[in-house]
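Residue strings, one per chain:
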Amino acid sequence: MSVRRLADEQPANFEFTPENLVWVEAQIAKYPEGRQASAVIPLLWQAQKQHNYWLPKPAIEKVAEMLDMPFIRVLEVATFYTMFNLEPVGRFFIQMCGTTPCMLRGSDDIKAVLQRRVGEQRKVSADGNFCWLEVECLGACCNAPMVQINDDYYEDLSAQNFETLLDDLAAGRPVHIGSQTGRSTSEPAGGLTSLTSFYGADGHSGPASATSKS
Amino acid sequence: MTKIVVDGVEVDVPGEYTLLQACEEAGAEIPRFCFHERLSIAGNCRMCLVELKGAPKPIASCAWSVKDCRPGPNGELPTVVTKSPTVKKARNGVMEFLLINHPLDCPICDQGGECDLQDQAMAFGVDTSRYEENKRAVEDKYIGPLVRTSMNRCIHCTRCVRFTAEVAGTGDMGAIGRGEDMEITTYLETAMGSELQGNVADLCPVGALLPKPYAFKARPWELGKTESIDVMDGLGSAIRVDVRGREVMRILPRVNEAVNEEWISDKTRQVVDGLKSQRLDRPYIRRDGRLVAASWGEAFAAIAARVSATTPARIGALAGDLASVEDMFALKSLMQGLGVTNIDCRQDGTKLHPAMGRASYIFNPTVAGIEQADAILIIGSNPRKESPVLNARILKRWRMGNLPVGLIGERVELTYDYQYLGAGAETLAELASGRGFAEVLAKAQRPIVIVGQGALMRTDGLAVLAAAAKLAHPSPEWNGLAILHTAAARVGGLDLGFVPGAGGLDAWAMTRPGALDVLFNLGADEIDVAPGAFVVYQGTHGDRGAHRADVILPSAAYTEKSGTYVNMEGRVQFADRANFAPGDAREDWAILRALSDVLGATLGFDSLPALRKALYAAHPHFARLDAIEAGGLTFATQTFELQPGAFTSAVQDFYLTNPIARASAVMAECSALAKGRLQQAAE
């Protein structure tokens, strides 16, 4: 964490797209008359998604006008939450978890890959594809180490499969969201060790296998 | 009422009191930074920790209400301890945390000597630091021309943020970032837009926000402090004038719950430099078209020559907006002695007149009464510019909820929502016939109809007044007719009867070409006097009045004389002298007394007490300080035809309404900034 400021270079203006405007108005309508300010986080989030995953100054002002809030109130929210990127990010914004469980499972290797391939934190790579940031626990410790790329989690990483993942993303090839070693959700890495009489006999796991068994 | 035991003392306090207030009631002093009586509770400084029996940890007394305390297991009263070793240790810990990042720059900090942090560190601080890490460094922010920032010193109490959001109503300031990186700032370092922004420097418990024009000028212990009354607008805010030697260094608010609570406007506070520039410090006489310095004797002789060469019908007197009651009484007495009936204290041409009764020209519901209002109609006024502190009181009432506000006049930003009814007299006529917002007012128990001078100085001003009085439907319990004055001298002048006598000319008629031979002008700078008349200008600054003058008599400004002022509510207030007038300038009553001798109409008093004795004999209510003489409901509400036309506010440039403000460089800068904002908003 450090002092967060708006980007030096800002677009001239910001308007929600017609589809987003419909969504945004539905969010505002959730709150009673005079309490529209409650919708500030969803609106900023949608604005950020629309604007290549970062939040420009005109968007902050646009949201303030839509919700009848002083500009500073919206700026407070935008600077408080680190999920709002105030500076441009790459096409793929990688948030790498470096908290204890991920670190014990090898997040340092992932970090080394990022440092080598992408460069410094918060700097967009030369091709505009990547930008990374070390963050605190993202809550997927059982599949450590992991990263979040844009909206999705990529888990069970190693230096090799992470390199492959980055290659695939850069090349525009389809990638698998979730575990990169093929395990389902957060089951034990070496296969089921308990309740095997109910699950897993057919090589599958979870409720689907129970259904297929009966 | 709820009973609670504080340090062994049982007190009975309202349940909604916070523990902090209950402790104060019991005589225990609680240190605090973020808590402020007039702002919402933040509970973030943690300095007010106390022990509450049954609570596992020390609790923040400012954020815990008395009714939330549970009784003991056997029904004992809730017990609070404020002096235990635990409390002391907890506060020491909080203080240590606050001081981790606070710079040790007290010797170069303007807050030094009147700093809450400094004072409380003496009680709860330790003499050494356990921290060897670097202190946090924060960029200083630009937040306007009136407040200087030193953000390293900020302890994040957020008083300034809450003030701009809740009292000023502009929401200028905020806290960006979080945790250690939290910073107090305005939106992208723009200047604050409030007319009350100077108050954030008073609220700041440390030296992070300080008055910019006063930076590095003086130390609090060098200053002589005089309690006085402000004359920048009609509200008569309570102020304290701090003086070093002969120089006014700063002006601060005093608490007066009935008038200004503890806020003052930026004009009141920062007009100080205007008191030192453009001052008239010796008499002048116009010779061959040029003003040349003269002695008092020469000036008086020149006046006497002119006065003796004309008749009383060709002499007139005007009193300006900053004149005290004593000054106007002396001038009126002098004019009576000369047999002159052409006198007027209404240079803006307002149609208010004492003949209609006192209730027709004062703010009848009183300023504190605004908090009881259940509907407000504003006619031809922009209270935010005409009296920002009064506007803050309306905002305070509006924030309590259920207050319909209607506005007839210019569409302006008032910091609270209002229903825009129309631009002018047409809308007022419609309301007077009982339609629209008039129904809201008719249903209200305690309606307030605020009438601005902008509507009253039109030719149909009396009709506006009559319509407003009808809409306010006064009852014996509640008179909602509220005249918003912009001039500090006005109500006093009307109380004195400083209006044309039988057959006398009013201010407008006196200033027409060829109306008079000699005009005495007591500080009226906002009126143009046509060429022809011999003008004797008695005032403080080389402003419009002095430029038109043939003889200038230099006088004392409001901080330099002892005087009585009557505010818009009709409240008689006393302003004491804080320093002395520059050069040869004298107090106005003394000048008039000396002049009366030369003119052969000697006034019957030789001292201020003698003048006051005569004044109180003629108008007994001036002797009752801080009281409001009951207005009564005697004024005639004749019906007049309203003439079509839009109402405009009497104050277009808040920062430059009087000669003192026009001489101030700080006010000029504020005015330019405000104009820039206005243009930006228009684009």
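Residues numbered from 1 in each chain as written. Chains lettered and ligands numbered in written order. Predicted model: local features only at pLDDT ≥ 70, side-chain atom pairs only at ≥ 80, totals over all residues. Heavy atoms only, no water.

Brief notes about the overall build of chain A
Convention followed: Per the convention used, a helix needs a DSSP run of H or I reaching at least four residues, while a strand needs a run of E reaching at least two, with both numbered from the N terminus. Each residue's exposure class comes from its accessible area (1.4 Å probe, protein chains only) as a fraction of the maximum for that residue type: buried when under 20%, exposed when over 50%, partly exposed otherwise. Here, two residues are considered to be in contact whenever any of their heavy atoms come within 4.5 Å of each other. In short, Shrake-Rupley with a 1.4 Å probe defines the accessible areas, and a residue's cover is counted only from the protein chains shown. Charge assignment: positive for Lys and Arg, negative for Asp and Glu; neither His nor the chain ends contribute. Charge positions are represented by NZ for Lys, CZ for Arg, CG for Asp and CD for Glu.
Helices and strands together make up the secondary structure of chain A, namely 8 helices and 5 strands. Each helix and strand of chain A, ordered N terminal to C terminal, gives the series α-α-α-α-β-α-α-β-β-β-α-β-α. Here the C-alpha coordinates of chain A stretch approximately 60 × 45 × 30 Å along the principal axes. When the 214 residues of chain A are sorted by exposure, 43% land in the buried category. Sequence separation of 24 or more characterises 61% of the internal contacts of chain A that already satisfy a separation of 6 or more. For chain A, the accessible area works out to roughly 11,600 Å², and carbon and sulfur atoms hold 53% of it. Here chain A holds 18 positive side-chain charges and 26 negative ones, and the gap between their average locations is 2 Å.

Some points on the environment of G198 of chain B
All names here are of chain B. With respect to the helices and strands, G198 occurs in the loop between β8 (183–186) and α5 (199–203). On the basis of relative accessibility, which here comes to 3%, the residue G198 falls in the buried class. Between the alpha carbons of G198 and V147 there is a distance of 6.5 Å; along the sequence they are 51 residues apart. Sequence-distant contacts of G198, defined by excluding residues within four places in its chain, comprise V147, D266 and R269.

Section: unusual backbone geometry
Cis peptide bonds are those with omega within 30 degrees of zero, and the linkage from A144 of chain A to P145 of chain A qualifies with -10 degrees. Along the chain, P145 of chain A falls in the loop between β2 (130–135) and β3 (147–149). With phi around 25 degrees, H473 of chain B is a residue other than glycine that occupies positive phi space. Tracing the sequence through the fold places H473 of chain B in the loop between α14 (461–472) and β21 (481–484). Its identity is not glycine, yet D626 of chain B carries a phi of approximately 65 degrees, on the positive side. With respect to the helices, strands and loops of the structure, D626 of chain B is situated in the loop between α19 (608–618) and α20 (659–662).

Overview of the sheet that holds strand β16 (residues 342–344) of chain B
All names here are of chain B. Heads up, the condition is: The rule for pairing is simple: two strands pair if DSSP sees at least two bridges between them. For helices, the axis comes from a line fit to the C-alpha atoms of the stretch in contact; other axes are also lines fit to C-alpha atoms, and the angle between any two N-to-C directions lies between 0 and 180 degrees.
Spatially, the 7 strands line up as an open sheet ordered β14-β13-β24-β23-β22-β15-β16, and their pairing is mixed. This sheet does not close on itself; its edge strands, each paired only once, are β14 (290–293) and β16. Across the sheet, the axes of successive neighbouring strands diverge by a mean angle of 15 degrees, strand direction being ignored. Along the sheet, helix α7 (residues 296–308) makes contact with β13 (284–287), β15 (315–319), β22 (518–522), β23 (534–539) and β24 (551–554), crossing β24 at roughly 130 degrees.

Quick look at the packing of aromatic side chains
Using the following cut-off: Each aromatic pair joins two rings of Phe, Tyr and Trp (for Trp, the six-membered one) with centres within 6.5 Å, and gets the label stacked for planes under 30 degrees apart, edge-to-face for over 60, and tilted for any other angle. Look at NZ for Lys and CZ for Arg. If either is within 6 Å of the ring centre and within 35 degrees of the ring normal, a charge sits over the ring.
A full pass over the atoms with the stated rule returns 11 aromatic pairs over all chains. The ring of F80 of chain A carries R178 of chain B above its face, with NZ or CZ at 4.3 Å from the centroid. The cationic tip of R411 of chain B hangs over the ring face of Y420 of chain B; the distance from NZ or CZ to the ring centre is 4.0 Å.

Structural measurements only, silent on function.
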